[in-house]
Amino acid sequence: MFTQSIWKDTAPIYNFETLYNDISADVAIIGGGVTGISTARLLASKGLKTVVIESLKVGGGTSGHSTGNLYVTIDKNLGVLHDKYDRDTLIKVVESRSQALNRIESWVKELLLDCDFKRQNWNLYSATNESDDKIAQELEHARQAGLGMKEADPALFPLKISRGITLADQAQLNPMRYVQELAKAPGENMAIYECTRVNEIEESDEGVILKTTGGNVHADYAVMATHVPKGFDLLQTLLGPYREYGIACRADNIDFPEGIFWGYHQEGKKISSRLYERDGKRYILFIGEPHKVGQSKDNRQHLQVLTDFAREHYGLTEVVYRWSGQHYRPADLLPYIGRRSQHGRTFVATGFSTDGLVYGTLAAMMIADEITGTPNPYTELYNPRRFTPVKSAKNFISENVNVAATFLKDLPGGADKDAFSDIKAGEGAVVNYEGQKIAAFRSTENELHLNSAVCPHLKCIVNWNNAEKSWDCPCHGSRFSKDGLVLEGPAWGNLSRINFSDDLPEELDRDKN
Ligand code: FES
């Protein structure tokens, strides 16, 4: 396997049941990541019977591929948020995120979760004076938000920098250990089913029915803790799907300070780094290189950029883990959390950008409050039904022009006869064949696996991801395994299988040659 997340490889992976019959609950939650498991635990603690349905393994989607960093600021910088909103919004965002971070710490302590949680300083630096103004602005806006951010001594950073700032009392953990342990911790009223896929939600005045691969789940409410709403949802036009990359290098003999370090490098490129130690092994992690899902010609190249960075700046050459994770950027910079429609029974939680461990926990707190009728001070701020045309316009237009351009570019063209035989073992490509776009993957055993390249969500054409060995949709970020099974994103179902049976022409199939 070319990619493997450090978090998944250093966590206990518990087994939860698979669903094989019809069941009922007060609340049915789709998605067993940090958002889903936290929502279930909060509602269960208030006496509601909750059920979590996860299509893969608990934490196996986004949570197990995240950074593991917890902070009250945001990835886009507080200054950008301030420019769109005001000081009051800054204060509320920071305050709400701080409550979520404290919630995580409380669970870690109360439930004795073995997840390497540690309070740490969060640091931001400019490697050259080209980005010093960004550092100055962040310091100013952090102070406006009431945070005790300070100018930092450059000597305390792991590399030569121009200017740096620091914020104490942020945190880091192993996100896969955290979500697995949180799911496994004792508690009543909570059931988790994994390897069970929801295919559809039916909602009526009486309740919801989740139609799954193992039976129907009847409940009063449904929560889509799926990172992005499933099926068609107007929110998808307000979200930009991105992937970002991570590597972990063995670093047993390197001096590297404790803390989370986000840095601006040449041309404003942002790379973050931090230490992680587990089982007597010491690693330095590097995260960066975001791009739109399904729109990179060579995904491996992004991992190579991080690899080069680790070598050039720290002399690290032993890359032990490589992985990538997905995030959705909201058009007006704030996530969408709450009831999907005014009087509906389905809740959504999306648009967390790369700040999802904290926002996911905040979403759990807000949704649990709304379902139990408890007032929450942030309901309006993160309302998924809010209308912010001025604040959303720029990102809305650029993301949707991008979707339209992608869609038009991929209309079926002419046949490409050599394309099947050109695919190397272990790789995939989209092939035009008799007016169809085919997602063709050639296994290491030299067998061709053929699926339609048409995304079942809204019919864009998927692209091959040569790092993750997956089919990624450039429109709203649905992703499918090399065999076409849905992994994440808004699509409910798989890519449709193409069965040429034996009639794949010999000249197109080198297996037969
Ligand atoms: Fe929307 Fe593929 S994810 S068309």
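The present account deals with the structure reproduced in this document.

The rules behind the values
- Residues numbered from 1 in each chain as written.
- Predicted model: local features only at pLDDT ≥ 70, side-chain atom pairs only at ≥ 80, totals over all residues.
- Heavy atoms only, no water.
- Patch = residues over 30% accessible without salt bridge, like charges linked within 9 Å, V, L, I, M, F, W, Y side chains within 5 Å.
- Areas by Shrake-Rupley, 256 points an atom, 1.4 Å probe, with all protein chains shown as cover.
- Salt bridge = Lys/Arg side-chain N within 4 Å of Asp/Glu carboxyl O.
- Helix = DSSP H or I, 4+ residues; strand = E, 2+ residues; numbered from the N terminus.
- Disulfide = S-S within 2.5 Å.
- Buried < 20%, exposed > 50% of the residue type's maximum accessible area, 1.4 Å probe, protein only.
- Contact = heavy atoms within 4.5 Å.
- Pairing = 2+ DSSP bridges.
- Axes fitted to C-alpha atoms, helices over the stretch in contact; angles between N-to-C directions.

Observations regarding a nonpolar patch on the surface
A surface patch of nonpolar side chains, about 320 Å² in accessible area, is lined by Phe232, Leu234 and Leu458. Mapped onto the secondary structure, leucine 234 falls in the loop between strand E10 (216–224) and strand E11 (239–250).

Examining the state of the cysteines
Within this structure, the stated rule accounts for one disulfide. A sulfur-sulfur distance of 1.9 Å marks the disulfide that ties cysteine 460 to cysteine 475. Between cysteine 460 and cysteine 475 the sulfur-sulfur dihedral comes to about -85°; the bridge is accordingly left-handed. Of this pair, cysteine 460 sits in the loop between strand E20 (448–452) and strand E21 (463–465) while cysteine 475 is found in the loop between strand E22 (470–472) and strand E23 (479–481), placing the two residues 15 residues apart along the sequence. Note on cysteine 475: relative accessible area 1%, which makes it buried.

Observations regarding the pattern of salt bridges
One side chain can pair with another of opposite charge once the charged atoms of both are near each other. Inspection of every chain in the model, using the stated rule, returns 23 salt bridges. Residue arginine 119 pairs with glutamate 105 through a salt bridge whose shortest N-O separation is 2.7 Å. With arginine 119 in strand E4 (residues 118–126) and glutamate 105 in helix H4 (residues 87–110), this residue pair connects regions lying 14 residues apart in the sequence. Between arginine 339 and glutamate 370 there is a salt bridge; the shortest N-O distance is 3.4 Å. Taken as a pair, arginine 339 in strand E16 (residues 336–339) and glutamate 370 in helix H8 (residues 356–371) lie far apart in primary sequence, 31 residues in all. Shared partners join several salt bridges into a network, and the residues in it are Asp114, Asp116, Arg177, Arg278 and Asp279.

Quick word on helix H6 (residues 175–184)
Because the α-helix completes a turn every 3.6 residues, residues three or four places apart line up on one side. Within H6, nine of the 10 residues are buried, which leaves it mostly tucked inside the rest of the structure. At its buried positions, H6 is contacted by helix H1 (6–9), helix H2 (34–45), H4, strand E7 (190–193), strand E13 (270–278) and H8.

Considerations on the sheet that holds E22
Hydrogen bonds between backbone atoms are what pair the strands of a sheet, whose relative direction is either parallel or antiparallel. Sheet architecture is open: four strands sit in the order E21-E22-E23-E24, paired in antiparallel fashion. At either margin of the open sheet sits one strand with a lone partner, and together these are E21 and strand E24 (486–488). The sheet shows a mean angle of 35° between the axes of neighbouring strands, direction not considered. Of the strand pairs in this sheet, E23 and E24 are connected by two bridges, and their pairing is antiparallel. Looking at the pairing, arginine 479 lines up with glutamate 488 of E24.

Describing the pairing of strand E12 (residues 260–264)
Most of E12 is tucked away, with five of its five residues classed as buried. By the alternation rule, side chains of E12 split into Ile260, Trp262 and Tyr264 and Phe261 and Gly263, which are all buried. Note: E4 against E12, five bridges, orientation parallel. When the sheet's bridge partners are listed, tyrosine 125 is paired in E12 with glycine 263. The antiparallel pairing of E12 with E13 creates a hairpin that spans five residues between the two strands, and glutamate 267 there sits at a positive phi of about 55°.

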